[in-house]
Amino acid sequence: MKKHHILFDLKDFLILWSSQSVSELGTAMTNYALILWAYRQQGTAMSVTLLSICSYLPSILFGFAAGTFADRWDKKKVMLASDSIAALGTLAIFFLYGAGSLQVWHLYIVNFILSFMNAFQDPAAYVAETLIIPEKYYVKTSGLQAFSGSLVTILAPALATVLLSFAGLPAVLAADLLSFAAAFFCLLFLVRIPKIRISAGAEKEPFFRNLRAGLAFLKRHRAILNLIFFFSFANLLAFLGESGSILSVLILARSGGDQVTLGVVTSFVGIGALASSLAATAAKPAKSRTKVIFLYCALSFLLCDIPLALGRSVMIWSAAVFVGNLLVPPMNANLAAILRTKIPVMMQGRVFAVRGTLQHFTIPLGLFLGGVLSDNVLEPFMRQPSAFQRIFAALVGTGRGSGTAIIFLFTGALGFLASYLCLKNPRFRELDS
């Protein structure tokens, strides 16, 4: 049998991946610019975290139903429609800002609508990738996706800062729209996504029975379900801390609102993930994927969150997020490989949607708790002298941002402990077979 070169095998994926990465860069630039804009308008952690909550909550609430539709509908059409509505959201912000009418609550509404469309986009894209990626390249392609995500994290703050400095917010929004156009036409004309042939019986199967099928599959495969619940808890802690908007609040509060410092730290998030994703792309499959997942997760919490809490300089913050995110791509690559190989492609849309809801419903909770704890509990606590306040002050210092730093102490300790306990749990080993 004739062997094909890897570039031939992955042609459709590479076109889709590269074009979508350009679009993601434009979107990330807009998100970064809008975080700065919203923080300047109100100056609170909650004003920033609500942006992120509105970006996650609808896709989680409607994920169950959307995954069922994604299994039945044409994957390319779902992705094109979702991308188009995302572009309309950016366009709305562009015109509102130009008219001098943009308010923070407008951003909440736009993010809510875009998140609703992501409920359909994400499972459709996941299944589409499974259809165009040969199984032997699952880990490598996950590494490539981590690579592009890391590059976006590095470039977005720098490019957004430059455009904001020289041309203002409209230039960032215009760059986002141009990146969308490039991705839209590549997907429409250059990417071929095979269609799944659905049996007549499956097409006529009642909607709610289809809806329950994803959950029933996970109930039958408890190890996968338990792995998803682990990541649900990890997401709660991560989005309370370094993965959530509260990281931006911590850096801005402790640097006196310096957006350059925030840009440097945010860039090192991407640099760490970039270095690791390159290694993941070239690496051979791990003998024990679950060990990689839990060990790297434990170290990520320990080596990232704790230094963020204790650090007082851009050098320490940058080193912490670099090391922490150095460990993330191998986790995600091995998780993706487990799910793609263990879940039949005909059910991946439904199972992916259930997994998305179960794994991600804690993200808005973490974001909300981060804002509430920072603004209403821990920052006021650190301003009132007491025995407990002096203990924490000896660790994280005093002044603005010290209360927020306490959040990172707790997330780091709890994340390390939970990951270590799962690492020692033999029930997860069946996923390595």
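Residue numbering note: each chain is counted from 1, following its sequence as written. Totals for whole chains, interfaces and linings use all residues, but because this is a predicted model, local features are given only for residues with pLDDT of at least 70 and pairs of side-chain atoms are given and counted only at 80 or more. Water and hydrogen atoms were dropped before computing side-chain values, which therefore reflect all heavy atoms in the structure.

1. What about the overall build of the protein chain?
Selection criterion: Helix and strand definitions follow DSSP, with helices as H or I runs of at least four residues and strands as E runs of at least two, each counted in order from the N terminus. In this description the radius of gyration comes from C-alpha coordinates, and the expected globular size is given by 2.2 Å times residues to the power 0.38. The buried label goes to any residue with under 20% of its type's maximum accessible area, the exposed label to any with over 50%, and the partly exposed label to all in between, with areas taken from a 1.4 Å probe on protein chains only. The contact criterion used throughout is that any non-hydrogen atoms of two residues lie within 4.5 Å.
Counting its regular elements, the protein chain contains 20 helices and zero strands. Relative to its length of 433 residues, the protein chain is compact, with a C-alpha radius of gyration of 22 Å against a globular reference of 22 Å. With the C-alpha coordinates of the protein chain rotated into their principal frame, the extents come out at 70 × 55 × 45 Å. Counting the 433 residues in the protein chain, one finds 54% classified as buried. In the protein chain, of all internal contacts separated by at least 6 residues, the share reaching a separation of at least 24 is 86%.

2. Structural notes on the packing of aromatic side chains
Here is the rule we go by: Stacked, tilted and edge-to-face pairs are distinguished by plane angle, under 30 degrees for stacked and over 60 for edge-to-face with tilted covering the rest, among Phe, Tyr and Trp rings (Trp via its six-membered ring) whose centres lie within 6.5 Å.
Using the criterion set out here, one finds 12 aromatic pairs in the structure. Ring geometry for Phe94 against Phe95: centres 5.7 Å apart, planes inclined by 85 degrees, an arrangement best described as edge-to-face. Among the residues examined, Phe94 registers a relative accessible area of 28% and is labelled partly exposed. A ring pair is formed by Phe180 and Phe184, whose centres lie 5.6 Å apart and whose planes are at 50 degrees; its orientation type is tilted. Of this pair, Phe180 and Phe184 both sit in helix H8 (residues 169-189), separated by four residues, roughly a single helical turn.

3. A few points about the pattern of salt bridges
Where charged atoms from two side chains of opposite charge approach closely, those side chains can pair. This is how the line gets drawn: Here a salt bridge means any side-chain nitrogen of Lys or Arg lying within 4 Å of a carboxyl oxygen belonging to Asp or Glu.
Tallying each qualifying case throughout the model produces one salt bridge. With a closest N to O distance of 3.1 Å, Glu129 and Arg340 form a salt bridge. Here Glu129 is found in helix H6 (residues 104-132), whereas its partner Arg340 is found in helix H16 (residues 328-342), with 211 residues between them in sequence. Of the two residues, Glu129 and Arg340, neither departs from the other in class, the shared state being buried.

4. Structural notes on the nonpolar core
Spelled out, the test is: Put simply, buried Ala, Val, Leu, Ile, Met, Phe, Trp, Tyr and Cys residues joined by side-chain atoms within 4.5 Å make one nonpolar core.
Core analysis: the largest hydrophobic core is formed by 51 residues, its most contacted members being Ile93, Leu107, Ile251, Leu308, Val321, Val396 and Phe408. Broken down by element, this core gets its largest block of residues, 10 residues, from helix H2 (residues 11-42). Counting 36 residues, the second-largest nonpolar core is a separate cluster that includes Ile53, Ala234, Ala238 and Leu367.

5. Remarks on a nonpolar patch on the surface
What counts, and what does not: Grouping into patches uses exposed residues only, defined as over 30% relative accessible area, and leaves out salt-bridged ones; the cut-off is 9 Å for like charges and 5 Å for nonpolar side chains (Val, Leu, Ile, Met, Phe, Trp, Tyr). What sets the accessible areas is the Shrake-Rupley method with a 1.4 Å probe; for residues, cover comes only from the shown protein chains.
Judged by side-chain polarity, Leu302, Leu303, Phe416, Leu417, Tyr420 and Leu421 come together as a nonpolar surface patch covering roughly 520 Å² of accessible area. Sorting elements by how many residues they give to the nonpolar patch places helix H20 (residues 402-423) first, with four residues. By secondary structure assignment, the location of Leu417 is in helix H20. Overall, the relative accessible area of 46% leaves Leu417 in the partly exposed class.

6. Some points on the environment of Met29
Tracing the chain through its elements places Met29 in helix H2. A C-alpha to C-alpha distance of 8.2 Å links Met29 and Leu173, two positions 144 residues apart in sequence. With residues near it in sequence (within four places) discarded, Met29 still touches Ala156, Leu159, Ala160, Leu163, Val172 and Ala175.

7. Quick look at the packing of H6 against H16
Packed helices, taken two at a time, are described by the angle their axes make and the gap between the axes. As a reminder, the rule being used: Here an axis means a line fitted to C-alpha atoms, over the contact stretch when the element is a helix, while the angle between two N-to-C directions is reported on a 0 to 180 degree scale. By definition in this entry, angles of less than 35 degrees are roughly parallel, angles greater than 145 are roughly antiparallel, angles of 65 to 115 are roughly perpendicular, and the rest are oblique. Here the nonpolar group is Ala, Val, Leu, Ile, Met, Phe, Trp, Tyr, Cys and Pro; Asp, Glu, Lys and Arg are the charged ones; every other residue, Gly included, is treated as polar.
Between H6 and H16, the least distance of the axes is 12 Å, while the angle of their chain directions is 75 degrees. Classed by the angle they form, the pair H6 and H16 counts as roughly perpendicular. Here H6 contributes Tyr126, Glu129 and Thr130 to the contact with H16, which in turn contributes Ala336, Leu339 and Arg340. When the residues that make up the contact of H6 with H16 are grouped by side-chain class, the tally is three nonpolar, one polar and two charged.

8. Brief notes about the environment of Glu430
Mapped onto the fold, Glu430 is located in the segment after H20. It is 32 Å that separates the C-alpha atoms of Glu430 and Leu14, two residues lying 416 residues apart in sequence. Among residues more than four places away in sequence, those in contact with Glu430 are Ala223 and Lys342.

9. Considering the packing of helix H7 (residues 138-166) against H8
Relative to each other, H7 and H8 sit at 135 degrees, their axes nearing to 7 Å. The pairing of H7 with H8 is recorded here as oblique in orientation. Within the contact between the two elements, H7 uses Ala160, Leu163 and Leu164 and H8 uses Leu169, Ala171, Val172 and Ala175. When grouped by side-chain class, the residues that make up the contact of H7 with H8 number seven nonpolar, no polar and no charged.

10. Quick notes on the state of the cysteines
Such a bond, covalent and formed between the sulfur atoms of two cysteines, is termed a disulfide. We apply this condition: Only a pair of cysteine sulfur atoms within 2.5 Å counts as a disulfide in this structure description.
Here the structure, examined in full by the defined rule, presents zero disulfides. No disulfide involves Cys297; its nearest neighbouring cysteine sulfur is the one of Cys422, lying 8.7 Å away. Sulfur of Cys304: no disulfide; nearest cysteine sulfur belongs to Cys297 and is 11 Å away.

11. A few points about helix H18 (residues 362-383)
Stated formally: What a helix should span is 1.5 Å times the count of its residues minus one. One axis fitted to the seven residues ending at a residue, another fitted to the seven starting there: the angle between these axes is the bend at that residue.
The terminal C-alpha atoms of H18, which comprises 22 residues, lie 29 Å apart, in line with the 32 Å expected from a rise of 1.5 Å per residue. Of all the bends found along H18, the most pronounced is centred on Ser374 and spans about 45 degrees.

12. Some details on the side chain of Ser23
As for its placement among the helices and strands, Ser23 is situated in helix H2. Here Ser23 is in contact with Asp176, Ser179, Phe180 and Ala183, once residues within four sequence places are set aside.

13. Thoughts on the side chain of Thr161
We count it as follows: Polar contacts, as used here, are pairs of N or O atoms within 3.5 Å; protein pairs need one atom able to donate a hydrogen and one able to accept it. Residues neighboring in sequence count only if both atoms are side-chain atoms.
Residue placement: Thr161 occurs in helix H7. Judged by its relative accessible area of 16%, Thr161 is buried. In this structure the side chain of Thr161 is engaged in a polar contact, spanning 2.6 Å, whose partner is the backbone oxygen of Pro157. Those residues in contact with Thr161 that sit more than four places away from it in its chain are Tyr32 and Gln259.

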